[in-house]
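# Structural characterization, general
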Amino acid sequence: MLRFVAGRDDLLNSRFALSPIVELENLLRKLNRRHPPLPPEWAARVTPAYGRLRRETALDAVLALQSARYGPAFVVQPPASMTQTIEQDLAAIRATPLAQARHEIEECLSRESTADERVLKVLRDPSVATILADAMAVAWHELVAPDWPVLRAILERDVIHRGGLLSTGGWHAALDGLHERLRWHDGAIEMSGLDGTFHLDGAGLLLVPSVYGWPKAGVYTEPPWPRTLVYPARGTAALWEPSTATPPDALASLLGRTRARLLVALSDPASTTQLAKTLSLAPGAVGDHLAVLRNAGLVTRARAGRSVLYRRTPLGDALSAGGGE
């Protein structure tokens, strides 16, 4: 059992962050190991480019470092903030000292070796960090970047939901339903399937939601990285199965299909921008439809930091019941 021992200051100092590089690494794992597989529609869209990148770039060297439960942290470093960019991620990889890169590469190969001379040539190169970063950069722009606005909207909505639980109900509320392997018990965040006890020592826990990591969870425990929990974001299953967000015919007949889709999509609070990206609608149209739903008493809105979040009223909940949640 892995345990993150937490005190009062750790609750106050814990924070959320989004990570483009974590999404890319988790997508590569899905494409490489096919377990758990991508939904067929997504696989059909990205697999041809993935195969071409394996032939034309050093991507196979990245894949060779991925074992079932381990990967080189210098290639997928924990993010610093909610506004982390892929450019920041790639710069961090390129800045990795050679000694650190070689140490982590050897650790990875000791767990799962390779005899591919093309891969080994890359991993032995003194510029290995830059070569891997360049391969990841191309993979990002071809495999993830087109979907990043939708992915980011899902991640941001998860943070709003999970952050609210953490601030109002503490660790027990925040971890409830987060992942089947996680729980709050006896002053510690516990994760089955791994071993070790780690004290947060007042620095808190970094929480990173992931779409492509679904349905798995993972951790960072070793310095120099902050103690980090990567967990599956809410709403990912609906992304894989868009039909689950389709409103019933009766609700669509009553409200119109677009307004019904918006009402069903508001199972968690969301901003106009997040809804527009998730549902592939124009922000102006979303705003107009939300105004109609608000005037009808089906949704309400409130400011949260710099965003205005919409949520269903009890009447909206009743109308959307059975509508795809």
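Residues numbered from 1 in each chain as written. Predicted model: local features only at pLDDT ≥ 70, side-chain atom pairs only at ≥ 80, totals over all residues. Heavy atoms only, no water.

### Side note on empty space enclosed by the protein
For the record, the criterion: As defined here, a cavity is a set of points on a 1 Å grid over the protein atoms alone where a 1.4 Å probe fits but cannot get out. A pocket is an open set with protein on both sides within 12 Å along at least five of seven lines, and residues line them when an atom is within 4 Å of a point. Grid points are joined across faces, edges and corners, and a volume is the space filled by probe spheres set on the points. Any residue outside Ala, Val, Leu, Ile, Met, Phe, Trp, Tyr, Cys, Pro, Asp, Glu, Lys and Arg is labelled polar, Gly included; the first ten of those are nonpolar and the last four are charged.
In total, this model carries one cavity of 30 Å³ or more according to the counting rule given. For the largest cavity, the calculated volume is near 40 Å³. In terms of lining residues, the largest cavity is bounded by Glu25, Val62, Leu65, Gln66, Pro72, Val75 and Val76. A class-by-class count of the residues in the lining of the largest cavity yields five nonpolar, one polar and one charged.

### Some points on the layout of surface pockets
What counts, and what does not: What counts as a helix is a DSSP run of H or I of at least four residues, what counts as a strand is a run of E of at least two, and both are numbered from the N terminus.
When its volume is computed, the largest pocket comes out at roughly 1,400 Å³. Lining the largest pocket are 45 residues; nearest its centre among them are Arg69, Tyr70, Gly71, Gly218 and Val219. If you list the elements that add at least two residues to the lining of the largest pocket, you get helix H2 (20–33), helix H6 (98–111), strand S7 (218–220) and strand S8 (228–232). Of all the elements, H2 adds the most residues to the lining of the largest pocket, at six residues. Tallied by class, residues from the lining of the largest pocket come to 22 nonpolar, 11 polar and 12 charged.

### Regarding the sheet that holds strand S5 (residues 196–199)
Keep this limit in mind: Here, a strand pair is defined by DSSP locating no fewer than two bridges between the strands. All axes here are fitted lines through C-alpha atoms, helices being fitted over the stretch that makes contact, and every angle between N-to-C directions spans 0 to 180 degrees. Throughout, a residue-residue contact means that at least one pair of heavy atoms, one from each residue, lies within 4.5 Å.
Here we have four strands laid out as an open sheet, ordered S3-S4-S1-S5, and mixed in their pairing. If you trace the sheet from one side to the other, it starts and ends with strand S3 (182–185) and S5, each paired once. The mean angle between the axes of side-by-side strands here comes to 20°, regardless of whether they run parallel or antiparallel. Pairing of S3 with strand S4 (residues 188–191), which is carried by four bridges, proceeds in the antiparallel orientation. Residue pairing across strands places Arg183 opposite Glu190, the latter belonging to S4. Of the strands in this sheet, S3 and S4 touch helix H9 (residues 148–175), which is tilted by about 135° from S3.

### Concerning the sheet that holds strand S6 (residues 206–210)
Taken together, the four strands give an open sheet; going across it, the order is S2-S6-S8-S7, and neighbouring strands pair in mixed fashion. Each having just a single partner strand, strand S2 (15–16) and S7 make up the two edges of the open sheet. Sheet analysis places S2 next to S6, joined by two bridges and oriented parallel. The partner of Phe16 across the bridge, within S6, is Leu207.

### Things to note about the packing of aromatic side chains
The following threshold applies: Each Phe, Tyr or Trp ring (for Trp, its six-membered ring) is paired with any other whose centre lies within 6.5 Å, and the angle between the two planes then decides the class: stacked below 30 degrees, edge-to-face above 60, tilted in between. Relative accessibility under 20% of the residue-type maximum defines a buried residue, over 50% an exposed one, and the middle range a partly exposed one, all with a 1.4 Å probe and only protein chains included.
Following the criterion strictly, the structure yields four aromatic pairs and no others. On the basis of an interplanar angle of 65° and a centroid distance of 5.4 Å, the ring pair of Trp140 and Trp148 is categorised as edge-to-face. Trp148 shares its class with Trp140; the two are buried. Both rings, one in Trp171 and one in Trp184, keep their centres 6.1 Å apart while their planes meet at 20°; by these two values the pair is stacked. Separated by 13 residues along the polypeptide, Trp171 in helix H9 and Trp184 in strand S3 bring together distant segments of the chain. Trp171 sits in the buried class, given a relative accessible area of 6%.

### Description of the environment of Ala291
As for its position among the elements, Ala291 is in helix H14 (residues 283–295). Exposure remark for Ala291: the relative accessible area of 36% places this residue in the partly exposed category. Considering only alpha carbons, one finds Ala291 and Arg301, 10 residues apart in sequence, at a separation of 9.9 Å.

### Concerning the confidence of the model for the protein
Rules: Values of pLDDT, ranging from 0 to 100, describe the predictor's confidence in every residue of the model.
For the protein, per-residue confidence averages 90 on the pLDDT scale, and residues scoring 70 or more make up 96% of the total. Confidence, expressed as mean pLDDT per element, reaches its minimum in the protein at helix H10 (residues 236–240) with 74 and its maximum at helix H8 (residues 128–144) with 98.

### Some points on unusual backbone geometry
A cis amide bond links Trp214 to the next residue, Pro215, at an omega of 5°. Position of Pro215 among the secondary structure elements: in the loop between S6 and S7. Of note, the bond from Pro223 into Pro224 is cis; its omega dihedral lies within 30 degrees of zero at 10°. Relative to the assigned elements, Pro224 resides in the loop between S7 and S8. Of note, Asp201 is a non-glycine position whose phi angle comes to about 55°, a positive value.

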